[in-house]
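Take a look at the letters that make up each chain.
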Amino acid sequence: MAMSSGGTAEGEPMMDINTTPLIDVMLVLLIMFIITIPVQTHAVKLDLPQNQPNTPPPPILPVKNRVTVDSAGKIYWNGSPIDLTVLRQYLDQTQQMNPIPELHLEPDPQARYEVVDEVLAVTKRANVTKMGFVGNERYAGYE
């Protein structure tokens, strides 16, 4: 132990603790933690749609449009493959037309019911009133 030389008796321990080495070690550890901890970024990753300059206008016919669902669960609008969000956009555009075109829904007999149900739900949310089912005679053997 360190002994003080000023004013105390020989052999008595020093009452003050030297904190300089402790502070030096703490500062070095603090700097190491600051360098090694990665910077936290608060970013939200979004998949934005890409703008395609030469896209044709949507294939909406003025008299009737056909939505088909094949056995693999793919949805087609007048023969072009689409997804549910594009289907909703097309249906919204048809409801703005005058006169409103008919919508013919033709699901494949082997199509999954969940996909057909989702298509029906989208048409209901789009307030489609002129809609008919095509090809019901194909379901005569299914019960």
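Figured I'd write up the structure that's included with this text. (Residues numbered from 1 in each chain as written. Predicted model: local features only at pLDDT ≥ 70, side-chain atom pairs only at ≥ 80, totals over all residues. Heavy atoms only, no water.)

**What about the pairing of strand β4 (residues 102–107)?**
Part 1: By the criterion of burial, β4 is predominantly enclosed, with five of the six residues buried.
Part 2: Of the strand pairs in this sheet, strand β1 (residues 64–69) and β4 are connected by six bridges, and their pairing is parallel. Pairing of Asn-65 across the sheet is with Leu-103, part of β4.
Part 3: In terms of strand pairing, β4 meets strand β5 (residues 131–133) through three bridges, oriented parallel. (Buried < 20%, exposed > 50% of the residue type's maximum accessible area, 1.4 Å probe, protein only. Helix = DSSP H or I, 4+ residues; strand = E, 2+ residues; numbered from the N terminus. Pairing = 2+ DSSP bridges.)

**Description of the pattern of salt bridges**
Part 1: Applying the stated criterion across every chain, the model contains three salt bridges.
Part 2: With a shortest N-O distance of 3.2 Å, Arg-66 and Glu-106 are connected by a salt bridge. Residue Arg-66 is found in strand β1, and its partner Glu-106 is found in strand β4; the two are separated by 40 residues along the sequence.
Part 3: Relative accessible area serves as the criterion here: at 36%, Arg-66 is assigned to the partly exposed category. (Salt bridge = Lys/Arg side-chain N within 4 Å of Asp/Glu carboxyl O.)

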